[in-house]
Amino acid sequence: MLESLQTLYARDIETLRAEVELYPEDELLWREVPGCPNPGGNLVLHLVGNLRHFIGAQLGGSDYVRDRAAEFATKGVSRAQLRSGISSASTEVVRTLSALDPARLNEPFPLPAYGKSVLTGLWLLHLSTHLAFHLGQLDYHRRAVTGNRKGAGAVSVTALFRS
């Protein structure tokens, strides 16, 4: 199970990087689209914050401190800064999941969700689907503001095959 989670996170974080690269201008990441609650840049900040908080800090012991409100309030961050955040999140996820004892998957996650205990394995699956959900939103945002229908390889089945 842990190896499968590592594969999914690696695939989806790579897709997150690819989506950011497909925006031809930094400003387009911040363009609002009627009916869409968040521009692409805020989705990226939110995903980076989520991964670094729950996986990097809570499971991996990093010193990252999350400011969830800022993930949605901040505007105008450059693609270079977003790429840096994605790299930090990727490093923390890889380091944490590589060192995680598989037995921990059947233990409670260190931080309760809404005051309730949830198993670490289930929480990591939830975080993976949360990442995929927002990747879909990011993809649609990018296509809407750029007019570019090119995909970023999201949810690639071939990424699941071992070399």
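Attention here is on the structure that accompanies the text. Please read these numbers as outputs of a predicted model, since none were measured by experiment.

So, how was this worked out
- Residues numbered from 1 in each chain as written.
- Predicted model: local features only at pLDDT ≥ 70, side-chain atom pairs only at ≥ 80, totals over all residues.
- Heavy atoms only, no water.
- Axes fitted to C-alpha atoms, helices over the stretch in contact; angles between N-to-C directions.
- Helix = DSSP H or I, 4+ residues; strand = E, 2+ residues; numbered from the N terminus.
- Parallel < 35°, antiparallel > 145°, perpendicular 65-115°, else oblique.
- Left-handed = near helix turned anticlockwise from the far one by under 90°.
- Contact = heavy atoms within 4.5 Å.
- Nonpolar A, V, L, I, M, F, W, Y, C, P; charged D, E, K, R; others polar.
- Patch = residues over 30% accessible without salt bridge, like charges linked within 9 Å, V, L, I, M, F, W, Y side chains within 5 Å.
- Areas by Shrake-Rupley, 256 points an atom, 1.4 Å probe, with all protein chains shown as cover.
- Salt bridge = Lys/Arg side-chain N within 4 Å of Asp/Glu carboxyl O.
- Core = buried A, V, L, I, M, F, W, Y, C linked by side-chain atoms within 4.5 Å.
- Buried < 20%, exposed > 50% of the residue type's maximum accessible area, 1.4 Å probe, protein only.
- Phe/Tyr/Trp six-rings, centres within 6.5 Å; stacked < 30°, edge-to-face > 60°.
- Expected span 1.5 Å × (residues − 1).

### Here we look at the packing of helix H2 (residues 40-59) against helix H5 (residues 120-146)
Item 1. In the contact formed by H2 and H5, the axes pass within 9 Å of each other and the chain directions differ by 165°. Between H2 and H5, the angle is such that the two are roughly antiparallel. Here H2 and H5 pass one another in a crossing that is left-handed. Between H2, through Gly40, Leu43, Val44, His46, Leu47, Asn50, Phe54, Ile55 and Leu59, and H5, the contact on the second element is made entirely by Thr120, Trp123, Leu124, Leu127, His130, Leu131, His134, Leu135, Gln137, Leu138 and His141.
Item 2. Of the residues that constitute the contact of H2 with H5, the class distribution is 12 nonpolar, eight polar and no charged.

### Re a nonpolar patch on the surface
Item 1. Together, Met1, Leu119, Leu122 and Leu125 give the surface a local cluster of nonpolar side chains, amounting to about 370 Å² of exposed area.
Item 2. Checked against the element boundaries, Met1 lands in the segment before helix H1 (2-22).

### Let's talk about the nonpolar core
Item 1. Membership of the largest hydrophobic core comes to 37 residues, with the highest contact counts inside it found for Tyr9, Val44 and Leu124.
Item 2. Contributions of two or more residues to this core are made by H1, H2, helix H4 (79-99) and H5.
Item 3. Sorting elements by how many residues they give to this core places H2 first, with eight residues.
Item 4. Leave out the neighbours within four places in its chain, and Val44 touches Leu16, Val20, Leu82, Ile86 and Leu138.

### So, the packing of aromatic side chains
Two measures describe an aromatic ring pair: the distance that separates the ring centres and the angle between the ring planes.
Item 1. Inspection of the entire model under this criterion finds three aromatic pairs.
Item 2. Between Phe54 and Phe109, the aromatic rings sit 6.2 Å apart at their centres with planes inclined by 55°, giving tilted as the arrangement. Here Phe54, found in helix H2, pairs with Phe109, found in the loop between H4 and H5; they are 55 residues apart in sequence, far enough to count as distant.
Item 3. According to the relative accessible area criterion, Phe54 is buried, its value standing at 12%.
Item 4. Ring centres of Phe109 and Trp123 lie 5.9 Å apart, and the angle between their planes is 45°; this geometry places the pair in the tilted category. Highlighted residues: Phe109 in the loop between H4 and H5 and Trp123 in helix H5, separated in sequence by 14 residues.
Item 5. Residue classification places Trp123 among the buried residues on the basis of a relative accessible area of 13%.
Item 6. Each residue in the set Phe54, Phe109 and Trp123 is aromatic and connected to the rest through ring pairs, giving one cluster.

### Observations regarding the side chain of Glu19
Item 1. For Glu19, the position within the fold is in helix H1.
Item 2. In this structure, Glu19 is in contact with Leu138, Asp139, Arg142 and Ala152, ignoring residues within four places of it in sequence.

### Brief notes about unusual backbone geometry
Item 1. Not every positive phi belongs to a glycine, and Tyr114 is a case in point at roughly 55°.
Item 2. Counting through the fold element by element, Tyr114 comes out in the loop between H4 and H5.
Item 3. The phi dihedral of Val155 falls on the positive side, at around 55°, and the residue is not glycine.
Item 4. On the basis of relative accessible area, Val155 is assigned to the exposed category, the value being 52%.

### Overview of H1
Item 1. With 21 residues, H1 ought to run about 30 Å at 1.5 Å a step, and its terminal C-alpha atoms sit 30 Å apart, in line with that.
Item 2. Restricting attention to buried positions, one finds in H1 the residues Leu2, Leu5, Tyr9, Arg11, Asp12, Ile13, Thr15, Leu16, Glu19, Val20 and Leu22.
Item 3. Of the surrounding secondary structure, the elements contacted by the buried residues of H1 are H2, H4 and H5.

### Some thoughts on the environment of Tyr114
Item 1. We classify Tyr114 as exposed; its relative accessible area is 86%.
Item 2. Spatially, the C-alpha atom of Tyr114 lies 17 Å from that of Ile55, the residues being 59 residues apart in sequence.

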